[in-house]
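The chain contents come next:
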Amino acid sequence: MTATIIDGKQIAAETREKVKEAVALRVSKGLPVPGLATVLVGENPASKVYVRNKQKACAEVGIHSIGVELPGDATQEQVEAKVRELNEDPTINGILVQLPLPAHLDEEKILATIQLGKDVDGFHPINIGRLAQKGRTPLFVPCTPAGVMVLLERAGAKLAGANAVVLGRSNIVGMPVALLLVKANATVTICHSRTRDLAGVCRQADVLVAAIGQPEMVKKDWIKPGAVVIDVGINRIEDPTSPKGSRLVGDVAYEEAAEVASAITPVPGGVGPMTIALLLQNTLHARELADLNTQK
Ligand code: GUN
């Protein structure tokens, strides 16, 4: 079997285009444009790149964005005060506090300060709590996990009753993906560093989501023939044959996995582009929620 490649780049481009059209329509009707504030604390180089890319993507679809930068030694009070200021700003509909935060800060308390209707990352404890509860719906779903679900849908994966295995239990990806899969009526197993017989558990999966940050850890013989494989990992490995001396790989050994899976996401060009596309979609949604509240 040679797997169908799930083209996240293309699917993300379609989502961005839809957001762009919706924003243009708002402008033509004289409605306010959506606004996103990113909050970056400290100098983490990867976070800087992510935040810059998010702002660039906003500009491309006509979403207003501002980038707030605070020093790495900013206090808890300073960060919370900034978030509260953005809560009050009517031109800002979405607030994204880039993670990870410096270790001295209380992440949960900062995320809980974000106004629920502006929580475009879906990390507010109430939004995550609603995601975890039966019959409840969060206002926003975290962007990477939401992107994974779009890719599964576009790949035609049948989730109801399927065995889904999620490798990784992070707050940003693994846990919310698992919760979304439960909502989609899959039977979900979450694996982590203490899981026994990781390969054996993965081999039961009709749907396998890898989000462990270990380069090419998932091998061909970990995959059930015909499984749908979503690779969230983005790992840089040394490669003397590449002009840069390094290249990006996922958590899945892509070439060999593609021989047994029915569908698989590449790295790069799979899940990665979906995160920003879903952020833009969530920001538009936040603006629409604000419209409803101002009509009241
Ligand atoms: N760090 C890595 N991914 C994310 C994300 O989706 N949102 C935020 N806020 N921080 C991140």
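Residues numbered from 1 in each chain as written. Predicted model: local features only at pLDDT ≥ 70, side-chain atom pairs only at ≥ 80, totals over all residues. Heavy atoms only, no water.

**Student:** Looking at this structure, how should I read the site of the ligand?
**Tutor:** In the region of the ligand, the neighbouring residues are Lys54, Leu96, Val97, Gln98, Leu99, Asp121, Phe123 and Ile172. In the model, a nitrogen atom of the ligand is placed 2.8 Å from a nitrogen or oxygen of the Val97 main chain. In this structure, Leu99 approaches the ligand through a main-chain N or O atom, which is 2.9 Å from a nitrogen atom. Taking a 2 Å distance to the grid points as the criterion, the majority of the atoms of the ligand fall inside the largest pocket. Considered class by class, the residues forming the shell around the ligand number five nonpolar, one polar and two charged. (Near = heavy atom within 4 Å. Polar contact = N/O pair within 3.5 Å; in protein donor to acceptor, adjacent residues only side chain to side chain. 1 Å grid on protein atoms, 1.4 Å probe; cavity = no way out; pocket = protein on both sides within 12 Å on 5 of 7 lines; lining within 4 Å. Sits in = over half its atoms within 2 Å of the grid points. Nonpolar A, V, L, I, M, F, W, Y, C, P; charged D, E, K, R; others polar.)

**Student:** I keep staring at the packing of helix H1 (residues 8-28) against helix H2 (residues 45-61) and nothing clicks. Help me out?
**Tutor:** Between two packed helices, both the angle of their axes relative to each other and the distance between the axes serve to describe the pair. At a closest axis distance of 8 Å, the pairing of H1 and H2 adopts a crossing angle of 55 degrees. Our classification of the angle between H1 and H2 gives oblique. In contact with Arg16, Val19, Lys20 and Val23 of H1, H2 contributes Ala57, Glu60 and Val61. A per-class count over the contact of H1 with H2 returns four nonpolar, no polar and three charged. (Axes fitted to C-alpha atoms, helices over the stretch in contact; angles between N-to-C directions. Helix = DSSP H or I, 4+ residues; strand = E, 2+ residues; numbered from the N terminus. Parallel < 35°, antiparallel > 145°, perpendicular 65-115°, else oblique. Contact = heavy atoms within 4.5 Å.)

**Student:** Sorry, what's going on with the sheet that holds strand E3 (residues 64-70) here?
**Tutor:** Either a parallel or an antiparallel arrangement is found when strands of a sheet pair, and the pairing is made through backbone hydrogen bonds. Spatially, three strands are ordered E3-E2-E4 in an open sheet, and the strand pairing comes out parallel. At either end of the open sheet lies a strand with only one pairing partner, and these are E3 and strand E4 (94-97). Averaged over all pairs of adjacent strands, the angle between their axes in this sheet comes to 15 degrees, without regard to strand direction. Where strand E2 (residues 35-41) lies against E4, four bridges are found, and the strand directions are parallel. Within E4, the position partnered with Leu36 by the bridge is Gly94. Along the sheet, H2 contacts E2, E3 and E4; its crossing angle with E2, the most-contacted strand, is approximately 170 degrees. Those strands touched by helix H3 (residues 76-88) are E2, E3 and E4, and its axis lies near 165 degrees from that of E3. (Pairing = 2+ DSSP bridges.)

**Student:** Just checking my understanding: could you explain H1 for this structure?
**Tutor:** Since one α-helical turn is 3.6 residues long, residues separated by three or four positions face the same way. For H1, with 21 residues, the first-to-last C-alpha span of 30 Å sits near the 30 Å given by 1.5 Å per residue. Along H1, the residues that are buried comprise Gly8, Ile11, Ala12, Thr15, Val19, Val23 and Arg26. Projected down its long axis, H1 shows its buried positions confined to an angular sector of 115 degrees, all on one face. More than 90 degrees from the buried face of H1, the exposed residues found are Lys9 and Ser28. Looking at where H1 begins, the residue whose side-chain oxygen comes 3.2 Å from the main-chain nitrogen of Lys9 is Asp7. Gly30, located one to two residues past H1, shows a positive phi value of around 75 degrees. (Expected span 1.5 Å × (residues − 1). Buried < 20%, exposed > 50% of the residue type's maximum accessible area, 1.4 Å probe, protein only. Arc of directions from axis to C-beta.)

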